[in-house]
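Given next are the chains, with one letter for each unit.
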Amino acid sequence: MTKSLNLALSAEVGQALAGGRPVVALESTIVTHGMPHPENLATARRVEAVVREHGAVPATIAVVNGEVRVGLDAATLEELAVAGDVMKLSRADLAFAVASGRTGSTTVAATMIVAALAGIRVFATGGIGGVHRGAETSFDISADLEELARTPVAVVCAGAKAILDIGKTLEFLETKGVPVVGFRTDGFPAFWSRHSGLPAPLRLDEASDIAAFQAARDGLALGGGMLVANPVPEAAALARDLVETWIAQAVAEADAGGITGKAVTPFLLKRIVELSGGRSLTTNIALIEANAALAADIAVAMAG
Ligand code: PSU
Ligand code: MN
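What comes next concerns the included structure. This one's a predicted model, so the numbers in the text were calculated from it and none came from an experiment.

**Some details on the side chain of T106**
Here T106 lies in strand β7 (residues 104-106). Owing to a relative accessible area of 0%, T106 belongs among the buried residues under this scheme. Reaching out from T106, the side chain makes a polar contact with the backbone oxygen of I61 at a distance of 3.0 Å. When neighbours within four sequence positions are excluded, T106 is seen to be in contact with E27, S28, T29, I61, A62, L89, L94 and T111.

**Considering the nonpolar core**
Membership of the largest hydrophobic core comes to 101 residues, with the highest contact counts inside it found for V24, V70, L148, V155, W192 and L227. The biggest single contributor to this core is helix α13 (residues 279-303), with ten residues.

**Considering the packing of aromatic side chains**
The tally for this structure, following the rule as stated, stands at one aromatic pair. Aromatic side chains F191 and W192 sit 4.8 Å apart centroid to centroid with 90° between the ring planes, which places their arrangement in the edge-to-face category. Judged by relative accessible area, W192 falls into the buried class, the value being 2%.

**Regarding the environment of V98**
Looking at the secondary structure, you find V98 in helix α5 (residues 94-99). The class of V98 is partly exposed, set by a relative accessible area of 36%. Expressed as a C-alpha distance, the spacing of V98 and H132, which sit 34 residues apart in the sequence, is 29 Å. Not counting the four nearest positions on each side in its chain, V98 is found in contact with V63, G66 and V68.

**Description of the packing of helix α6 (residues 108-118) against helix α8 (residues 143-150)**
At their nearest, the axes of α6 and α8 sit 8 Å apart, and the two run at 25° to each other. If you check the angle between α6 and α8, you find them roughly parallel. Seen from α6, the contacting residues are V108, A109, M112 and I113; seen from α8, they are A143, D144, E147 and L148. Split into classes, the residues belonging to the contact of α6 with α8 amount to six nonpolar, no polar and two charged.

**Notes on the site of ligand 1**
Around ligand 1 sit 17 residues, and of these E27, S142, D144, K161 and T265 come closest. Within the contact set of ligand 1, an oxygen atom lies 2.8 Å away from a backbone nitrogen or oxygen of V108. D144 is positioned with one of its side-chain polar atoms (N or O) 2.7 Å from an oxygen atom of ligand 1. Bound to the protein, ligand 1 loses 94% of the 480 Å² it would expose on its own. Elements with a contribution of two residues or more to the shell around ligand 1: α2 (29-34) and α12 (264-275). If you tally residues by element for the shell around ligand 1, the top one is α2, at three residues. The residue makeup of the shell around ligand 1, split by class, is four nonpolar, nine polar and four charged.

Parameters and conventions
- Residues numbered from 1 in each chain as written.
- Chains lettered and ligands numbered in written order.
- Predicted model: local features only at pLDDT ≥ 70, side-chain atom pairs only at ≥ 80, totals over all residues.
- Heavy atoms only, no water.
- Helix = DSSP H or I, 4+ residues; strand = E, 2+ residues; numbered from the N terminus.
- Buried < 20%, exposed > 50% of the residue type's maximum accessible area, 1.4 Å probe, protein only.
- Polar contact = N/O pair within 3.5 Å; in protein donor to acceptor, adjacent residues only side chain to side chain.
- Contact = heavy atoms within 4.5 Å.
- Core = buried A, V, L, I, M, F, W, Y, C linked by side-chain atoms within 4.5 Å.
- Phe/Tyr/Trp six-rings, centres within 6.5 Å; stacked < 30°, edge-to-face > 60°.
- Axes fitted to C-alpha atoms, helices over the stretch in contact; angles between N-to-C directions.
- Parallel < 35°, antiparallel > 145°, perpendicular 65-115°, else oblique.
- Nonpolar A, V, L, I, M, F, W, Y, C, P; charged D, E, K, R; others polar.
- Near = heavy atom within 4 Å.
- Areas by Shrake-Rupley, 256 points an atom, 1.4 Å probe, with all protein chains shown as cover.

Treat this as a map of the structure, not an account of what it does.
Dropping the structure here:
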């Protein structure tokens, strides 16, 4: 393990970065707070395998006993997948976990921060956090959006989770100057469904085009990241109106139960898995795999 910039890189990730070979960052909140056991562990392993099959090195990011790890060994991944007391870390508390020797998983925002520090430019996740429904009263806007505006990492996702207010999420990203690129689609996807009903602001059809766009942004010193929205594969997609019934119930329960802050997104995801009889989970796994494949293709194009 090599230590640099307060990061602990696995040997494999350290060597790949030193050699200029393609690396894809992966988040860990999806493992600790986004999916039930044992599907969370199986998915984390599968996603790493998909990145490798597409010619890149996976770098799953987490804080373990205060150490910022970039690239996790199998035992650590398994420990995170079963542990119940792991912090969910974003920009506000990443350094808190380091200073206090805690273990925490990284959200999209925290994963972007660590990836950029390590020199990793591409990151695959499921869906980003965004502006929540009712944000005009709750003020619940994910720190993921601010991070996209300031940290130079391309984030591949399946759009914004339909539990959010997708229209407000897109408006926020536009205000902050974050490019949102539909991959082979004119519509912005809604995580479990291929279309949100809203247009994707930009469209590109090849991984190499996304790499070229990122290079052009670098050339203009624009800073910040970009969002690549990859619709869930057709075979795994769920109809929007079907998902909406589960979401409406889960959101109502969250409101009634006084769920706030960091707990909102994990609560909603868990309830939707339950209400859907596991169908939402099957879709979630399929879309993460597809995003890992595309992110690896982009990383390969960027390295080439
Ligand atoms: N997408 C998923 N599962 C998840 C998340 C996203 O499919 O668990 C996590 C990500 O880590 C994202 C976080 O950054 O939820 C957003 O949390 P919040 O809304 O509290 O910012
Ligand atoms: Mn929030």
